Amino acid sequence: MWPSRWRAETVTCIACGETVARDDAREYDKHGDRWDRDGKEFEYLCKPCDNDLCHQSRDELEDLLIELGAGERSQAEFLSWYLATVEERYGPLEES
């Protein structure tokens, strides 16, 4: 198969910052729907970082992160708000 002219040969992993061959990376779609490709620009994870992720559904997660100001507060303040909001909306947090 011939590579597409617009497809980058290398990409940067958004988790670790490594530059890897596009074929050695996984597409990451922050909206959680990598199959609907129209008009999207994807970010990438190297295979080791992708393997370290939890691949469970993340319904509502992106909206919650935006609502709580992820990246706009200190880590401690954000985590405090996040935990309080999740417990309020979904019940107590438990480890399984």
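Computed from a prediction, not measured in an experiment: that's the story for all the values here. Numbering of residues starts from 1 in each chain and follows the order in which that chain's sequence is written. Residue-level local features of this predicted model are given only where pLDDT is at least 70; pairs of side-chain atoms are given and counted only at 80 or more, and the full residue set underlies all totals for whole chains, interfaces and linings. For the side-chain quantities, the full set of heavy atoms in the structure was used; hydrogens and water were omitted.

J.: Requested: an account of the overall build of the chain, with residues and values cited.
T.: Assigned secondary structure in the chain consists of three helices and four strands. When its helices and strands are written in sequence order, the chain yields β-β-β-β-α-α-α. Classification of residues uses two cut-offs on accessible area relative to the type maximum, computed with a 1.4 Å probe and protein chains only: under 20% is buried, over 50% is exposed, and between them is partly exposed. For the chain, the proportion of its 96 residues judged to be buried stands at 22%. Considering only contacts in the chain between residues 6 or more positions apart, those separated by 24 or more positions represent 29%. The Shrake-Rupley method, run with a 1.4 Å probe, gives the accessible areas here. Residue values count only the displayed protein chains as cover. Taken as a whole, the chain presents about 8,200 Å² of accessible surface, with 48% of it coming from carbon and sulfur. Numbering goes from the N terminus for both helices and strands, where a helix is a DSSP run of H or I of at least four residues and a strand is a run of E of at least two. Two residues qualify as a contact provided that any one of their heavy atoms is within 4.5 Å of a heavy atom in the partner residue.

J.: Please set out the environment of C46 residue by residue, giving values where relevant.
T.: One can find C46 in strand β4 (residues 43-46). Sequence-distant contacts of C46, that is, excluding residues within four places in its chain, are made with C13, C16, V20, D24 and A25.

J.: Just give me the short version of the side chain of T85, but keep the residues and values in it.
T.: Here T85 lies in helix α3 (residues 75-90). Owing to a relative accessible area of 11%, T85 belongs among the buried residues under this scheme. Discounting residues that sit within four places of it in the chain, T85 has contacts with L64 and L68.

J.: Describe in detail the pattern of salt bridges, supporting the description with residues and values.
T.: By convention in these notes, a salt bridge is any Lys or Arg side-chain nitrogen within 4 Å of a carboxyl oxygen on Asp or Glu. Within the structure shown, the criterion is met by three salt bridges. Between R89 and E67 there is a salt bridge whose closest N-O contact spans 2.5 Å. Residue R89 is located in helix α3, and its partner E67 is located in helix α2 (residues 61-67); the two are separated by 22 residues in the primary sequence. Overall, the relative accessible area of 49% leaves E67 in the partly exposed class. A salt bridge links R73 to E77; its shortest N-O distance comes to 3.5 Å.

J.: A description of α3 should follow, citing residues and the corresponding values.
T.: Across its 16 residues, α3 extends 22 Å between first and last C-alpha, which sits within 8% of the 22 Å expected from 1.5 Å per residue. Burial in α3 covers these residues: F78, T85 and V86. In a view along the axis of α3, the buried residues occupy a sector of 100°, so they form one face of it. Residues of α3 that are exposed and point more than 90 degrees away from the buried face comprise A76 and E88. Immediately beyond the C-terminal end of α3, within one or two residues, lies G91, with a positive phi of roughly 100°. Expected helix span is computed as 1.5 Å times (number of residues minus one). Arc, as used here, means the arc of the directions from the helix axis to the C-beta atoms.

J.: Describe the nonpolar core, listing the residues and the values that go with them.
T.: V11, C13, V20, A25, Y28, F42, Y44, L45, C46 and C49 form the largest nonpolar core, which has 10 residues in total. At the level of secondary structure, the elements contributing two or more residues to this core comprise β3 (25-28) and β4. Per element, the largest residue contribution to this core is three residues, and it comes from β4. Not counting residues up to four positions away in its chain, the partners in contact with V20 are E9, T10, V11, A25 and C46. The set of buried Ala, Val, Leu, Ile, Met, Phe, Trp, Tyr and Cys residues whose side-chain atoms join them within 4.5 Å is what this entry labels a nonpolar core.

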